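# Structural overview for review
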Amino acid sequence: MPSKTKAMKDLLIFAVKFIYGFLEALFHWVVPKPKKNVAGEIVLVTGSGSGIGRLLALRFAHLGAILVLWDINPEGNQETCDLARKAGASRVYTYICNCSERQDIYRVAAQVKKEVGDVTILINNAGIVTGKYLLEIPDECVEKTFDVNSKAHIWTYKAFLPAMITNNHGHLVCISSSAGLLGTSRLSDYCASKFAALGFAESLCFELFAQGYTGIKSTIVCPFFIKTGMFEGCITENPLLLPILEPNYVADKITNAILEEQVYLFMPRFLYFALFLKRTTQSNGDKNSKILSSWMWYF
């Protein structure tokens, strides 16, 4: 009897918290959350030498953050550094880092802590894609995709999370993908790596909350394909529902999500419905699977 009473009590508490969370989310859907001040925060962006990484660096430069830029391409990274300084950043540090190598991540992380300080906003943005059928992908390419797209997130967390825990202050940002929500053809290794990155970031979000570190925030980003060199040649069957996204739009949305401490950001909004539809295919068989696949993208 006592166990049943406790179970009912726990269920009631869960229901109250769920309703409160739902109403709060509904309220902030209409009234945006106040944006936090990131001036003086040490922001590390991986893959900052081009694309979304560069655009995010420039936005945080405008906001007065101290920038730490990681990329394997020194020329592109230096160009981002120059643009960030022109955008108003007073302190910008560039590092050559191979995010597919665990020891290189740890080496450069130690250098950053010594030369700059403790990173307070970590944006895991670096990523690679092969874009081939599974049996056409060399094994070493599969391994490198996982090294950069998912395992690097683990090593950067392990490098910078201890200081965040000590201060109960920080923000962890995972740039996953819509391919981390819904599998698609010719992206089997990429999808798997992005599913892994999302699952890891989500798990750490819950883990930190359960441990009482409420000052460490998480933002998990899942955009559809973006008009960058990484997805050159990519098309969509349904541009109204799943448009190829403009880089500046994506960077603005990510920046805003970080400033509002939003946990999940899916772009475009249709992805929320597509994810729901995916769940229904598990019980409704081939018919809905065909509907879902007709809405998916291809190269």
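Conventions adopted
Residues numbered from 1 in each chain as written. Predicted model: local features only at pLDDT ≥ 70, side-chain atom pairs only at ≥ 80, totals over all residues. Heavy atoms only, no water. Phe/Tyr/Trp six-rings, centres within 6.5 Å; stacked < 30°, edge-to-face > 60°. Helix = DSSP H or I, 4+ residues; strand = E, 2+ residues; numbered from the N terminus. Buried < 20%, exposed > 50% of the residue type's maximum accessible area, 1.4 Å probe, protein only. Salt bridge = Lys/Arg side-chain N within 4 Å of Asp/Glu carboxyl O.

## Brief notes about the packing of aromatic side chains
In this structure the tally under the stated criterion is five aromatic pairs. Look at Y106 and W155: their rings are 6.3 Å apart centre to centre, the planes differ by 70°, and that puts the pair in the edge-to-face class. With Y106 in helix α4 (residues 102-115) and W155 in helix α5 (residues 139-167), this residue pair connects regions lying 49 residues apart in the sequence. Given a relative accessible area of 25%, Y106 falls into the partly exposed group. Among the residues examined, W155 registers a relative accessible area of 18% and is labelled buried. Between Y157 and F200, the ring centres sit 4.9 Å apart and the planes meet at 50°, which makes this aromatic pair tilted.

## With respect to the pattern of salt bridges
Evaluation of the coordinates by the stated rule reveals seven salt bridges. Between D252 and R59 there is a salt bridge, with its nearest N and O atoms 2.7 Å apart. Taken together, the positions of D252 in helix α7 (residues 247-259) and R59 in helix α2 (residues 51-62) put the pair 193 residues apart, joining distant regions of the chain. Looking at R59, the relative accessible area reads 16%, which means it is buried. We note a salt bridge from D147 to K151, for which the minimum N-O separation is 3.1 Å. With a gap of four residues between them, D147 and K151 both fall in helix α5, about one helical turn apart.

## Side note on unusual backbone geometry
Following M267, the chain continues to P268 via a peptide bond in cis, the omega torsion being -5°. The topology assignment puts P268 in the loop between β7 (264-267) and α8 (270-284). Even without being a glycine, N168 presents a positive backbone phi close to 45°. One can find N168 in the loop between α5 and β5 (170-175). Residue E261 is not a glycine yet carries a positive backbone phi of 55°. Looking at where E261 falls in the secondary structure, it is placed in the loop between α7 and β7.

Interpretation in functional terms is not warranted from these geometric data alone.
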